[in-house]
Amino acid sequence: MSWLPVYPLIIPVMTAVLSYLFRNSPAGRWISVVGTVALLLASSMLMSEVLEEGVVVAQMSNWAAPFGITLAADLLGGVMVVITAITGLATVIYSLSEIPARLERLGFHALLQTLLFGVCGAFLTGDLFNLYVWFEVMLISSFGLLVLGGSREQLDGGIKYVTLNLVSTIMFLSGIALLYGVTGTLNMADLHLAVREVEDTGLLTTIAIMFLVAFGVKAALFPLFFWLPASYHTPPVAVSAIFAGLLTKVGVYALIRTFTLIFDQDVGYTHTIMLWMAVITMVTGVLGAAAMNDFRRILSFHIISQIGYMVLGLALYTPLGLMGAVFYLVHHIIVKANLFFVAGVAKRIAGSTDLSRIGGLYAHAPLLAFLFLIPAFSLAGFPPLSGFWAKYVVVKAALDLEMWVVAALSLAVGLLTIFSMTKIWGAAFWPDHPDGIKPRLSSLPIGDRVALMLPIVALAALTCIIGLFPEPFVQFAERAAQQLLDPTDYVTTVLGVRP
Amino acid sequence: MQSLILTTATRLLVALLLVFSVYALLRGHNLPGGGFIGGLIGATAFILYTIATSVREAQAALRVDPANVAMLGVGVAGLAGLASGFVNEPFLTGQWLFLFAEDGGKGLPLSTVLMFDIGVYMAVFGGILTLVFALEQEI
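Quick caveat, the model's predicted, so the values are computed rather than measured. (Residues numbered from 1 in each chain as written. Chains lettered and ligands numbered in written order. Predicted model: local features only at pLDDT ≥ 70, side-chain atom pairs only at ≥ 80, totals over all residues. Heavy atoms only, no water.)

Caption draft 1: Seen up close, the overall build of chain A. Scanning chain A from N- to C-terminus turns up 21 helices and 2 strands. Whereas a compact globule of 499 residues would reach a radius of gyration of roughly 23 Å, chain A reaches 22 Å, a difference of no more than 12%. In terms of principal-axis extent, the alpha carbons of chain A reach across some 70 × 55 × 40 Å. Counting over 499 residues, chain A shows a buried share of 63%. Carbon together with sulfur atoms contributes 68% to the accessible area of chain A, which is approximately 17,100 Å² in total. Distance between charge centres in chain A, computed from 24 positive and 27 negative side chains, equals 16 Å. (Helix = DSSP H or I, 4+ residues; strand = E, 2+ residues; numbered from the N terminus. Rg over C-alpha atoms; globule rule 2.2 N^0.38 Å. Buried < 20%, exposed > 50% of the residue type's maximum accessible area, 1.4 Å probe, protein only. Areas by Shrake-Rupley, 256 points an atom, 1.4 Å probe, with all protein chains shown as cover. Lys, Arg positive; Asp, Glu negative; His and termini not counted. Charge placed at Lys NZ, Arg CZ, Asp CG, Glu CD.)

Caption draft 2: Expanded view of the overall build of chain B. A count of helical and extended segments in chain B gives 5 helices and 2 strands. Each helix and strand of chain B, ordered N terminal to C terminal, gives the series α-α-α-α-β-β-α. Reported as C-alpha extents along the three principal axes, the dimensions of chain B are approximately 55 × 30 × 20 Å. Residues counted as buried form 36% of the 139 residues belonging to chain B. Here the analysis covers contacts within chain B between residues at least 6 apart in sequence; of these, 63% occur between residues at least 24 apart. Per element, the accessible surface of chain B, about 8,300 Å² overall, is 70% carbon and sulfur. (Contact = heavy atoms within 4.5 Å.)

Caption draft 3: Layout of the environment of Ala208 of chain A. Relative to the elements of secondary structure, Ala208 of chain A occurs in helix 9 (residues 201-219). Ignoring sequence-local partners within four residues, the contact set of Ala208 of chain A consists of Phe259, Phe263 and Thr270 of chain A.

Caption draft 4: View of the packing of aromatic side chains. Residue and element names in this part refer to chain A. Counted according to the given criterion, the structure contains 35 aromatic pairs over all chains. With 4.9 Å between their ring centres and 15° between their planes, Trp425 and Phe429 make a pair best called stacked. Here the residue Trp425 and the residue Phe429 both occupy positions in helix 18 (residues 404-429), the gap between them amounting to 4 residues, near one helical turn. Aromatic ring contacts, followed pair by pair, group Phe129, Tyr132, Phe135, Phe172, Phe211, Phe215, Phe259 and Phe263 into a single cluster. The ring centre of Tyr20 lies 4.0 Å from the NZ or CZ of Arg23, which sits over that ring. (Phe/Tyr/Trp six-rings, centres within 6.5 Å; stacked < 30°, edge-to-face > 60°. Lys NZ or Arg CZ within 6 Å of the ring centre and 35° of its normal.)

Caption draft 5: Structural context of the nonpolar core. Core analysis: the largest hydrophobic core is formed by 190 residues, its most contacted members being Leu128, Phe211, Phe295, Phe372 and Ile424 of chain A. Examining the composition of this core, we find that 21 residues originate from one element, helix 14 (residues 319-350) of chain A, more than from any other. Beyond its immediate sequence surroundings of up to four residues, Ile424 of chain A is in contact with Phe295, Ile298, Leu299, Leu355, Phe372 and Phe429 of chain A. Membership of the second largest hydrophobic core comes to 11 residues, among which are Ala43, Phe46, Val69 and Phe125 of chain B. (Core = buried A, V, L, I, M, F, W, Y, C linked by side-chain atoms within 4.5 Å.)

Caption draft 6: Spotlight on the side chain of Ser111 of chain B. Residues and elements named next belong to chain B. Among the structural elements, Ser111 can be located in strand 2 (residues 108-111). On the accessibility criterion, Ser111 (13% relative accessible area) is buried. For Ser111, the residues in contact, after removing those within four places along its chain, are Gln95 and Trp96.

Caption draft 7: Summary view of the interface of chain B and chain A. Tallying the contact residues gives 18 residues for chain B and 16 residues for chain A. On the chain B side of the interface with chain A, the three residues burying the most area are Met71, Pro90 and Phe91 of chain B, jointly 43% of the side's total. One salt bridge connects Arg23 of chain A with Asp65 of chain B, and the closest N-O pair in it is separated by 2.8 Å. Applying the counting rule to chain B against chain A returns 4 residue pairs in polar contact (both at pLDDT 80 or more). (Buried area = accessible area lost by both parts, 1.4 Å probe. Salt bridge = Lys/Arg side-chain N within 4 Å of Asp/Glu carboxyl O. Polar contact = N/O pair within 3.5 Å; in protein donor to acceptor, adjacent residues only side chain to side chain.)

Caption draft 8: Helix 1 (residues 4-27) of chain B, seen in detail. Residues and elements named next belong to chain B. Between its first and last C-alpha, helix 1 extends 34 Å over 24 residues, near the 34 Å set by a 1.5 Å rise per residue. Thr10 marks the point of greatest bend in helix 1, at about 35°. Within the sequence span of helix 1, burial applies to Thr10, Val14, Leu17, Ser21, Ala24 and Leu25. (Expected span 1.5 Å × (residues − 1). Bend = angle between axes of the 7 residues up to and from the residue.)

Caption draft 9: Structural context of a nonpolar patch on the surface. Residue and element names in this part refer to chain A. Taken together, the side chains of Trp276, Ile280, Val405 and Leu409 define a hydrophobic patch exposed on the protein surface, amounting to about 330 Å² of accessible area. Where the nonpolar patch is concerned, the elements lending two or more residues are helix 12 (267-291) and helix 18. Assignment of secondary structure puts Val405 in helix 18. (Patch = residues over 30% accessible without salt bridge, like charges linked within 9 Å, V, L, I, M, F, W, Y side chains within 5 Å.)

Caption draft 10: Broad picture of the confidence of the model for chain B. For chain B, mean pLDDT is 88; residues scoring 70 or higher make up 98% of the total. By mean pLDDT, the top-scoring element of chain B is helix 2 (residues 35-52) of chain B (93), and the lowest-scoring one is strand 1 (residues 96-99) of chain B (79). (pLDDT = per-residue confidence, 0-100.)

Caption draft 11: Representation of the environment of Tyr132 of chain A within the structure. Residues and elements named next belong to chain A. By the secondary structure assignment, Tyr132 is in helix 6 (residues 128-147). For Tyr132, a relative accessible area of 15% gives the class buried. For the pair Tyr132 and Thr488, spaced 356 residues apart in sequence, the C-alpha separation works out to 24 Å. Once residues within four sequence positions are removed from consideration, Tyr132 is found in contact with Thr169, Phe172, Leu173 and Ile176.

Caption draft 12: The arrangement of the pattern of salt bridges in detail. Residues and elements named next belong to chain A. Evaluation of the coordinates by the stated rule reveals 7 salt bridges over all chains. For Arg348, the salt bridge is made with Asp448, and the minimal N-O distance between the two is 2.7 Å. With a gap of 100 residues between them, Arg348 in helix 14 and Asp448 in helix 19 (residues 446-468) connect regions that are remote in the sequence.

Caption draft 13: Layout of the packing of helix 3 (residues 75-98) of chain A against helix 14 of chain A. Residues and elements named next belong to chain A. Two numbers describe how helix 3 lies on helix 14: the axes approach to 10 Å, and their chain directions differ by 5°. In this view, helix 3 runs roughly parallel relative to helix 14, as classed from their interaxial angle. Every residue of helix 14 that contacts helix 3 at Leu76, Val79, Met80, Ile83, Thr87, Ala90, Thr91, Tyr94, Ser97 and Glu98 is listed here: Val326, Leu329, Val330, Ile333, Ile334, Ala337, Phe341, Gly344, Val345 and Arg348. For the contact of helix 3 with helix 14, a count of residues per class yields 14 nonpolar, 4 polar and 2 charged. (Axes fitted to C-alpha atoms, helices over the stretch in contact; angles between N-to-C directions. Parallel < 35°, antiparallel > 145°, perpendicular 65-115°, else oblique. Nonpolar A, V, L, I, M, F, W, Y, C, P; charged D, E, K, R; others polar.)

Caption draft 14: Structural context of the confidence of the model for chain A. Per-residue pLDDT for chain A averages 88, and the proportion of residues at 70 or more is 99%. Per-element averaging of pLDDT across chain A places helix 10 (residues 227-231) of chain A at the bottom with 83 and helix 5 (residues 108-124) of chain A at the top with 94.

Caption draft 15: Here's a closer look at the environment of Ile374 of chain A. Residues and elements named next belong to chain A. Within the secondary structure, Ile374 sits in helix 16 (residues 366-380). With 121 residues separating them along the chain, Ile374 and Leu495 place their C-alpha atoms 44 Å apart. Ignoring any residue separated from it by four or fewer positions in sequence, one finds Ile374 in contact with Leu385, Ala460, Thr463 and Cys464.

Caption draft 16: Highlighting the packing of helix 12 of chain A against helix 13 (residues 295-316) of chain A. Residue and element names in this part refer to chain A. Where helix 12 meets helix 13, the axes come as close as 7 Å, and the angle between the chain directions of the two elements is 160°. The angle between the axes of helix 12 and helix 13 places the two elements in the roughly antiparallel class. The element helix 12 and its partner helix 13 pack so that their crossing is left-handed. The residues of helix 13 that touch helix 12, namely those facing His271, Met274, Leu275, Ala278, Val279, Thr281, Met282, Gly285, Val286, Gly288 and Ala289, are Ile298, Phe301, His302, Ile304, Ser305, Gly308, Tyr309, Val311, Leu312, Leu314, Ala315 and Leu316. Residues belonging to the contact of helix 12 with helix 13 are distributed by class as follows: 16 nonpolar, 7 polar and no charged. (Left-handed = near helix turned anticlockwise from the far one by under 90°.)

Caption draft 17: Quick look at helix 14 of chain A. Residue and element names in this part refer to chain A. Its 32 residues give helix 14 an end-to-end C-alpha distance of 46 Å, which sits within 8% of 46 Å, the value for a rise of 1.5 Å per residue. Of all the bends in helix 14, the greatest measures close to 25° and is centred on His332. Within helix 14, 28 of the 32 residues are buried, which leaves the element mostly enclosed by the surrounding structure. Looking one or two residues beyond helix 14, the residue adopting positive phi is Gly351, at roughly 100°.

Put into structure tokens, the structure is as follows:
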């Protein structure tokens, strides 16, 4: 029985409370910073415990599983919480400069902390209904962040976002109800055993597809992704960045969790559907990106295309494929949030995110250009950056199964990713600014410059470290994939039948 | 619209509703009731007052920002959950203190469960009133 999985939940909640009560003074934002640092420490402690001891479990209120709510951290859950904390910290620091005092007084930091609370909860919970509750926490706080400030464009994006996510929620809830009716339990470890007793496997497959649709909306899979490009470019950049980094990835995480732990009955059927959804997601996402002409919109479509790779890794359902999915998940969160941060700085110094209205960033802000190249090349899969290894593993897994079409398409998507990155490069960085502005970083006050550039530099450094020294990360992803494919350890630890 | 009947009745009802909400909160441990419904009843008192008078007067009567009450409630509930950490039990495990307990009896039972419920009461009360005040102000 451990308290470690509790800290990543209680810290953001208390930080949210305190930063809301002090929202009218500068103390509020510093509480938010300190709280997120504490979250990073707590999640690192949890991670090291998971690495040493295996799955770490906490039973809320001392109710034994499967009756109470269980928090369980395995390797995947643990690393996701750490990445959440890293992204959260980067976002909080970035927002010190970007978010105006007006939004802080409306409770920006409290909403951001509540979002982190929801995301950490989703990664740590061992109960399906509890997962639904975390999704709601995330949905409400992210809706708040999305419309905070209340411009017409934001409300437009926000309504689409919330409507489609509610559809997903209803689907998820119906799936949960059916699953409970069939098995009589909602504890995920218990479900792993219970679904093996179910005779009506057809109904089980139907439920699996309901979950696939529900999480598919959250993860922005084809054909359920419309809400994402409609909303992600409207809020402040710090908000877009944390959304882009974390929210869709919670959907992918939920897919990985449920489709390895619970729905592994009819892999031939469910995972084949998932496979083609993933492939079409990759292709449509990147084509959408190629058609866009706004910095943040291009990046939004790239999220969709990259989600395809992750789900592809899961759909292949081999140790190598899952390892690729885990590796991709971690790499993508860092890279994507960073690209949005860069877009934000470009907007700040060049005045817009519309590619036809900015320029000159290479000539006047070479540091920013360099820092754009790292995540951009990593996203496209250039060696030796982190994205190369992520793509390499997934494509290799597809080739091992002799799925030539899938492998060829994912390589082609990589090529098109480079195309749209060069489009950003060719419009925002290379030519002169159309209005003759010289976008310099030195035009920003020193405090702003530190707050904006520090997260970008740190995340870019992280990308380079993963890329240059992939060995420990690959080994880690391999262990995590093994744990997912053989959840005996997870199940026995949660249900308390320890050796 | 000012209605004499409503204004007069409100004076009586607000007090009654507030007392009733605390009763529902305290009763909730073993019987129907609890923090959530108690918070709703408490909020109803101020909503009635808002309809009978105005948002501004209701806010003045409440004295504090309901949003702060809601957030404090979340904090109180969280602290109630943390209390079990001091006796090395899992998060949210109920801790009991039986005041003036004589042998056999339970005396006055105080618990972190009640504290959690008070947190829920505050969160619901503050949350609902924040919404209602915001909606009423638009008109």
